[in-house]
Amino acid sequence: MIPGLLGAVVDLNRTPYIVHWGWLQITLGNLVVIALMVVVFVVALLAPFPGRSRR
Amino acid sequence: MSRSWTGRLRRVVVRDLPPEKLLPDEQPAWVSSWAYVFGALTIGALLVVILSGMALAFEGPTWWHTSSAGLFVNSLHLWSVELFFFFMVLHLWAQFFMASWRGGRSFTWMVGAIAFVASIGTAFTGYLSQQNFDSQWIGTQAKDGLNAAGIGAFFNVLDFGQMLLWHVMLLPLALAVLVGLHLLLVRKHGVVEPLPARTGGRIDASADVGAVGRTEPTEAP
(Lines give C-alpha, C1' and ligand atoms only; values in the text may rest on other atoms or scores of the structure.)
Protein backbone atom coordinates (compact mmCIF):
# COMPACT_ATOMS: atom_id res chain seq x y z
CA MET A 1 0.00 0.00 0.00
CA ILE A 2 2.71 2.49 0.99
CA PRO A 3 4.78 1.87 -2.19
CA GLY A 4 1.59 2.41 -4.20
CA LEU A 5 0.91 5.71 -2.45
CA LEU A 6 4.50 6.87 -2.92
CA GLY A 7 4.36 5.82 -6.57
CA ALA A 8 1.26 7.93 -7.01
CA VAL A 9 3.04 10.98 -5.58
CA VAL A 10 6.32 10.60 -7.49
CA ASP A 11 6.35 8.63 -10.75
CA LEU A 12 9.98 7.65 -11.20
CA ASN A 13 9.31 5.97 -14.55
CA ARG A 14 8.25 9.07 -16.44
CA THR A 15 10.61 11.32 -18.39
CA PRO A 16 12.28 13.64 -15.85
CA TYR A 17 11.52 17.36 -15.81
CA ILE A 18 14.73 19.29 -16.42
CA VAL A 19 15.29 22.72 -14.87
CA HIS A 20 17.16 25.16 -17.14
CA TRP A 21 18.87 28.03 -15.31
CA GLY A 22 21.42 29.78 -17.49
CA TRP A 23 24.24 27.32 -18.10
CA LEU A 24 22.89 24.99 -15.42
CA GLN A 25 20.65 22.08 -16.35
CA ILE A 26 19.50 19.67 -13.68
CA THR A 27 16.60 17.28 -13.28
CA LEU A 28 13.97 18.36 -10.80
CA GLY A 29 14.48 15.14 -8.81
CA ASN A 30 18.19 15.82 -8.33
CA LEU A 31 17.48 19.44 -7.43
CA VAL A 32 14.99 18.34 -4.78
CA VAL A 33 17.50 15.86 -3.32
CA ILE A 34 20.22 18.54 -3.14
CA ALA A 35 17.79 20.97 -1.47
CA LEU A 36 16.83 18.23 1.00
CA MET A 37 20.51 17.64 1.79
CA VAL A 38 21.02 21.34 2.51
CA VAL A 39 17.97 21.32 4.81
CA VAL A 40 19.17 18.20 6.68
CA PHE A 41 22.64 19.74 7.02
CA VAL A 42 21.31 22.98 8.51
CA VAL A 43 18.96 21.09 10.85
CA ALA A 44 21.88 18.91 11.99
CA LEU A 45 23.85 22.03 12.90
CA LEU A 46 21.00 23.68 14.79
CA ALA A 47 19.00 20.84 16.35
CA PRO A 48 19.89 20.00 19.97
CA PHE A 49 21.57 16.65 20.44
CA PRO A 50 19.85 14.35 22.98
CA GLY A 51 21.51 14.54 26.37
CA ARG A 52 23.73 17.51 25.61
CA SER A 53 21.82 19.87 27.90
CA ARG A 54 22.57 17.64 30.89
CA ARG A 55 26.23 18.64 30.83
CA MET B 1 62.81 -7.55 20.68
CA SER B 2 61.81 -9.37 17.52
CA ARG B 3 62.93 -7.79 14.23
CA SER B 4 60.51 -9.84 12.14
CA TRP B 5 57.83 -8.00 10.14
CA THR B 6 55.09 -9.55 12.25
CA GLY B 7 56.72 -8.26 15.43
CA ARG B 8 57.20 -4.77 13.99
CA LEU B 9 53.61 -4.72 12.72
CA ARG B 10 52.30 -5.82 16.13
CA ARG B 11 54.22 -3.05 17.91
CA VAL B 12 52.90 -0.42 15.48
CA VAL B 13 49.30 -1.63 15.86
CA VAL B 14 49.50 -1.80 19.66
CA ARG B 15 51.09 1.67 19.80
CA ASP B 16 48.67 3.40 17.38
CA LEU B 17 45.48 1.46 18.06
CA PRO B 18 45.28 0.33 21.69
CA PRO B 19 41.88 -1.21 22.59
CA GLU B 20 40.61 1.97 24.28
CA LYS B 21 41.21 3.86 21.01
CA LEU B 22 39.96 1.11 18.72
CA LEU B 23 36.67 0.61 20.59
CA PRO B 24 36.15 3.76 22.66
CA ASP B 25 33.19 4.03 25.05
CA GLU B 26 33.68 7.76 25.63
CA GLN B 27 33.99 10.70 23.25
CA PRO B 28 34.83 14.39 23.76
CA ALA B 29 31.88 16.68 24.58
CA TRP B 30 31.88 18.32 21.14
CA VAL B 31 30.89 15.02 19.51
CA SER B 32 27.38 15.53 20.96
CA SER B 33 26.15 17.06 17.71
CA TRP B 34 24.11 15.71 14.81
CA ALA B 35 26.87 16.91 12.49
CA TYR B 36 29.02 14.03 13.76
CA VAL B 37 26.37 11.38 13.03
CA PHE B 38 26.61 11.44 9.22
CA GLY B 39 29.73 9.26 9.09
CA ALA B 40 28.05 6.50 11.11
CA LEU B 41 24.92 6.77 8.95
CA THR B 42 27.10 6.39 5.85
CA ILE B 43 28.63 3.21 7.27
CA GLY B 44 25.14 1.89 8.13
CA ALA B 45 23.91 2.49 4.59
CA LEU B 46 27.05 0.86 3.20
CA LEU B 47 26.37 -2.29 5.24
CA VAL B 48 22.86 -2.52 3.74
CA VAL B 49 24.36 -1.97 0.28
CA ILE B 50 26.83 -4.82 0.79
CA LEU B 51 24.28 -7.25 2.28
CA SER B 52 21.64 -6.59 -0.41
CA GLY B 53 24.34 -6.81 -3.09
CA MET B 54 25.42 -10.20 -1.76
CA ALA B 55 21.81 -11.42 -1.99
CA LEU B 56 21.62 -10.20 -5.59
CA ALA B 57 24.89 -11.93 -6.43
CA PHE B 58 23.66 -15.21 -4.93
CA GLU B 59 20.40 -15.27 -6.88
CA GLY B 60 21.26 -13.68 -10.23
CA PRO B 61 19.60 -11.37 -12.80
CA THR B 62 16.49 -13.49 -13.53
CA TRP B 63 15.62 -13.40 -9.83
CA TRP B 64 16.14 -9.67 -9.36
CA HIS B 65 14.26 -8.80 -12.57
CA THR B 66 11.22 -11.08 -12.26
CA SER B 67 10.40 -12.29 -8.72
CA SER B 68 8.78 -10.10 -6.07
CA ALA B 69 11.52 -10.82 -3.54
CA GLY B 70 14.18 -10.15 -6.16
CA LEU B 71 12.63 -6.84 -7.15
CA PHE B 72 12.39 -5.88 -3.47
CA VAL B 73 16.08 -6.65 -2.80
CA ASN B 74 17.02 -4.91 -6.04
CA SER B 75 15.15 -1.80 -4.86
CA LEU B 76 16.70 -2.14 -1.41
CA HIS B 77 20.14 -2.15 -3.05
CA LEU B 78 19.33 0.96 -5.11
CA TRP B 79 17.81 3.00 -2.30
CA SER B 80 20.51 2.08 0.21
CA VAL B 81 23.03 3.35 -2.35
CA GLU B 82 21.02 6.58 -2.60
CA LEU B 83 21.13 6.94 1.19
CA PHE B 84 24.82 6.03 1.23
CA PHE B 85 25.65 8.91 -1.12
CA PHE B 86 23.19 11.23 0.64
CA PHE B 87 24.87 10.76 4.00
CA MET B 88 28.39 10.58 2.56
CA VAL B 89 28.01 14.01 0.95
CA LEU B 90 26.61 15.44 4.21
CA HIS B 91 29.58 13.86 6.04
CA LEU B 92 31.89 15.49 3.47
CA TRP B 93 30.26 18.91 3.95
CA ALA B 94 30.46 18.66 7.74
CA GLN B 95 34.12 17.63 7.69
CA PHE B 96 35.03 20.21 5.03
CA PHE B 97 33.55 23.14 6.96
CA MET B 98 35.22 21.79 10.10
CA ALA B 99 38.60 21.59 8.29
CA SER B 100 38.94 18.03 9.49
CA TRP B 101 42.42 17.61 8.01
CA ARG B 102 43.79 19.56 11.01
CA GLY B 103 45.93 17.95 13.69
CA GLY B 104 47.73 15.40 11.54
CA ARG B 105 44.54 14.12 9.94
CA SER B 106 45.45 14.93 6.31
CA PHE B 107 45.90 11.24 5.41
CA THR B 108 42.48 10.47 6.91
CA TRP B 109 40.98 13.21 4.74
CA MET B 110 42.73 11.96 1.59
CA VAL B 111 41.67 8.34 2.16
CA GLY B 112 38.08 9.54 2.62
CA ALA B 113 38.26 11.55 -0.61
CA ILE B 114 39.63 8.54 -2.52
CA ALA B 115 36.88 6.36 -1.02
CA PHE B 116 34.35 8.90 -2.31
CA VAL B 117 35.76 8.60 -5.85
CA ALA B 118 35.83 4.79 -5.58
CA SER B 119 32.17 4.90 -4.48
CA ILE B 120 31.24 6.85 -7.60
CA GLY B 121 32.98 4.21 -9.75
CA THR B 122 31.24 1.40 -7.89
CA ALA B 123 27.82 3.02 -8.32
CA PHE B 124 28.54 3.75 -11.98
CA THR B 125 29.43 0.14 -12.77
CA GLY B 126 26.32 -0.87 -10.83
CA TYR B 127 24.14 1.18 -13.16
CA LEU B 128 25.90 -0.52 -16.09
CA SER B 129 25.16 -3.97 -14.59
CA GLN B 130 21.37 -3.58 -14.44
CA GLN B 131 20.82 -5.38 -17.79
CA ASN B 132 18.04 -3.04 -18.89
CA PHE B 133 17.57 -0.06 -21.22
CA ASP B 134 18.87 2.31 -18.53
CA SER B 135 22.20 0.53 -18.42
CA GLN B 136 22.44 0.50 -22.24
CA TRP B 137 21.72 4.23 -22.37
CA ILE B 138 24.24 5.05 -19.63
CA GLY B 139 26.87 2.80 -21.24
CA THR B 140 26.55 4.31 -24.70
CA GLN B 141 26.62 7.84 -23.28
CA ALA B 142 29.60 7.13 -21.02
CA LYS B 143 31.76 5.40 -23.61
CA ASP B 144 32.35 8.63 -25.55
CA GLY B 145 33.55 10.44 -22.46
CA LEU B 146 35.78 7.58 -21.32
CA ASN B 147 37.18 7.08 -24.83
CA ALA B 148 37.96 10.80 -24.97
CA ALA B 149 39.76 10.46 -21.64
CA GLY B 150 41.86 7.66 -23.14
CA ILE B 151 40.82 4.83 -20.84
CA GLY B 152 38.17 3.21 -23.04
CA ALA B 153 40.66 0.61 -24.32
CA PHE B 154 40.94 -1.18 -20.99
CA PHE B 155 37.75 0.00 -19.26
CA ASN B 156 35.03 -0.83 -21.78
CA VAL B 157 31.65 0.26 -20.46
CA LEU B 158 29.90 -1.72 -23.22
CA ASP B 159 31.50 -4.96 -21.96
CA PHE B 160 28.85 -6.18 -19.50
CA GLY B 161 31.02 -8.97 -18.07
CA GLN B 162 33.88 -6.59 -17.33
CA MET B 163 31.60 -4.00 -15.73
CA LEU B 164 29.83 -6.62 -13.60
CA LEU B 165 33.13 -7.98 -12.27
CA TRP B 166 34.39 -4.46 -11.51
CA HIS B 167 31.11 -3.83 -9.69
CA VAL B 168 30.88 -7.01 -7.61
CA MET B 169 34.58 -7.70 -7.00
CA LEU B 170 37.30 -5.13 -7.68
CA LEU B 171 35.64 -1.89 -6.64
CA PRO B 172 33.79 -3.23 -3.54
CA LEU B 173 37.07 -4.75 -2.36
CA ALA B 174 38.90 -1.46 -2.88
CA LEU B 175 36.08 0.43 -1.19
CA ALA B 176 36.04 -1.92 1.81
CA VAL B 177 39.80 -1.50 2.26
CA LEU B 178 39.57 2.30 1.93
CA VAL B 179 36.62 2.62 4.33
CA GLY B 180 38.30 0.28 6.81
CA LEU B 181 41.53 2.29 6.63
CA HIS B 182 39.55 5.54 6.99
CA LEU B 183 37.86 4.22 10.15
CA LEU B 184 41.15 3.02 11.66
CA LEU B 185 42.72 6.42 10.98
CA VAL B 186 39.76 8.17 12.64
CA ARG B 187 40.20 5.90 15.66
CA LYS B 188 43.96 6.51 15.71
CA HIS B 189 43.79 10.33 15.57
CA GLY B 190 40.44 10.76 17.32
CA VAL B 191 37.50 12.88 16.20
CA VAL B 192 38.55 16.37 15.14
CA GLU B 193 37.55 19.21 17.46
CA PRO B 194 35.37 22.03 16.10
CA LEU B 195 37.00 25.22 14.87
CA PRO B 196 37.31 27.90 17.56
CA ALA B 197 34.54 30.52 17.48
CA ARG B 198 35.32 33.88 15.84
CA THR B 199 34.08 37.05 17.51
CA GLY B 200 34.67 40.37 15.73
CA GLY B 201 37.46 39.00 13.60
CA ARG B 202 39.28 37.54 16.58
CA ILE B 203 39.34 33.92 17.55
CA ASP B 204 37.56 33.40 20.85
CA ALA B 205 38.69 30.08 22.23
CA SER B 206 36.54 30.51 25.32
CA ALA B 207 33.26 30.76 23.40
CA ASP B 208 30.76 28.10 24.35
CA VAL B 209 29.70 26.31 21.21
CA GLY B 210 32.41 24.04 19.96
CA ALA B 211 35.15 25.73 21.89
CA VAL B 212 38.49 24.01 21.93
CA GLY B 213 39.27 22.94 25.43
CA ARG B 214 35.90 21.47 26.36
CA THR B 215 37.17 18.02 26.77
CA GLU B 216 34.94 16.49 29.40
CA PRO B 217 34.08 13.04 28.15
CA THR B 218 30.65 11.86 27.19
CA GLU B 219 29.34 8.45 26.31
CA ALA B 220 29.75 7.45 22.70
CA PRO B 221 26.51 7.65 20.71
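## A word on the overall build of chain A
What chain A contains, in helices and strands, is two helices and two strands. Starting at the N terminus and walking to the C terminus, you meet the elements of chain A as α-β-β-α. Looking at chain A as a whole, 0% of its 55 residues qualify as buried.

## Regarding the interface of chain B and chain A
Each side of the interface is counted separately: chain B has 11 residues, and chain A has 10 residues. The element that contributes the greatest number of residues to the side of chain B that touches chain A is helix α5 (residues 68-97) of chain B, accounting for four residues. Residues of the side of chain B that touches chain A, tallied by class, amount to seven nonpolar, three polar and one charged.

## A few points about the confidence of the model for chain B
Chain-level pLDDT for chain B is 88 on average; 90% of the residues reach the 70-or-more range. Listed scores for the predicted complex are pTM 0.84 and ipTM 0.78.

## Side note on helix α1 (residues 5-16) of chain B
In this model, α1 of chain B (12 residues) spans 16 Å end to end at C-alpha, consistent with the 16 Å of a helix rising 1.5 Å per residue. Burial analysis of α1 of chain B places just zero of its 12 residues in the buried class, a small minority of the element.

## Things to note about unusual backbone geometry
Residues and elements named next belong to chain B. For alanine 99, which is not a glycine, the phi torsion comes out positive at approximately 50°. Looking at the secondary structure, you find alanine 99 in the loop between α5 and α6 (106-128). Here the phi dihedral of glutamine 131 falls at roughly 60°; this positive angle occurs in a residue that is not glycine. Topologically, glutamine 131 is positioned in the loop between α6 and α7 (133-148). Among the residues examined, glutamine 131 registers 14 C-beta atoms within 10 Å and is labelled partly exposed.

## Some details on the confidence of the model for chain A
With 75% of its residues at a pLDDT of at least 70, chain A reaches an overall mean of 83. When the elements of chain A are averaged for pLDDT, helix α1 (residues 2-9) of chain A gives the smallest value, 67, and helix α2 (residues 28-46) of chain A the largest, 94.

## Overview of α6 of chain B
Residues and elements named next belong to chain B. End to end, α6 covers 34 Å across 23 residues, agreeing with the expected 33 Å (1.5 Å per residue, within 8%). Listed as buried for α6 are Thr108, Val111, Gly112, Ala115, Ala118, Ser119, Thr122, Thr125, Gly126 and Leu128. Each element contacted by the buried residues of α6 is listed here: α5, α7 and α8 (160-189).

## Describing the environment of serine 80 of chain B
Its location among the elements puts serine 80 of chain B in helix α5. Ignoring any residue separated from it by four or fewer positions in sequence, one finds serine 80 of chain B in contact with Ala45, Val48, Val49 and Ser52 of chain B.

## Brief notes about the nonpolar core
In terms of nonpolar packing, the biggest core is built from 15 residues, with Ala45, Val49, Phe84 and Phe87 of chain B touching the most fellow members. The next biggest cluster of nonpolar side chains, apart from the first, holds nine residues, and it includes Val111, Ala118, Leu171 and Leu175 of chain B.

## Thoughts on the pairing of strand β2 (residues 24-27) of chain A
All names here are of chain A. Across four bridges, the pairing between strand β1 (residues 18-21) and β2 is antiparallel. Residue pairing in the sheet places tryptophan 21 in a bridge with leucine 24 of β2. Linking β1 to β2, which pair antiparallel, is a turn of two residues; within it glycine 22 sits at a positive phi near 65°.

## Looking at the packing of α6 of chain B against α8 of chain B
Residues and elements named next belong to chain B. Across the interface, α6 lies against α8 with an axial gap of 9 Å and an inter-helix angle of 160°. Of the possible angle classes, the one that applies to α6 and α8 is roughly antiparallel. Considering how the two elements wind past one another, α6 and α8 form a crossing that is left-handed.

## Topic: the environment of phenylalanine 86 of chain B
Residue and element names in this part refer to chain B. Position of phenylalanine 86 among the secondary structure elements: in helix α5. Phenylalanine 86 gets classed as partly exposed once you count the C-beta atoms within 10 Å, which come to 19. In sequence terms phenylalanine 86 and alanine 45 are 41 residues apart; their C-alpha atoms lie 9.6 Å from each other.

## Some thoughts on the packing of helix α3 (residues 38-59) of chain B against α5 of chain B
Residue and element names in this part refer to chain B. α5 packs onto α3 with a crossing angle of 155° between their chain directions and a minimal axis gap of 8 Å. On the basis of the axis angle, α3 is roughly antiparallel to α5. Between α3 and α5 lies a crossing whose hand is left-handed. When its residues are assigned to classes, the contact of α3 with α5 shows 17 nonpolar, nine polar and one charged.

Calculation notes
- Residues numbered from 1 in each chain as written.
- Chains lettered and ligands numbered in written order.
- Predicted model: local features only at pLDDT ≥ 70, side-chain atom pairs only at ≥ 80, totals over all residues.
- Helix = DSSP H or I, 4+ residues; strand = E, 2+ residues; numbered from the N terminus.
- Buried ≥ 20, exposed ≤ 12 C-beta atoms within 10 Å, placed from the backbone.
- Contact = placed C-beta atoms within 7 Å.
- Nonpolar A, V, L, I, M, F, W, Y, C, P; charged D, E, K, R; others polar.
- pLDDT = per-residue confidence, 0-100.
- Expected span 1.5 Å × (residues − 1).
- Core = buried A, V, L, I, M, F, W, Y, C linked by C-beta atoms within 7 Å.
- Pairing = 2+ DSSP bridges.
- Axes fitted to C-alpha atoms, helices over the stretch in contact; angles between N-to-C directions.
- Parallel < 35°, antiparallel > 145°, perpendicular 65-115°, else oblique.
- Left-handed = near helix turned anticlockwise from the far one by under 90°.

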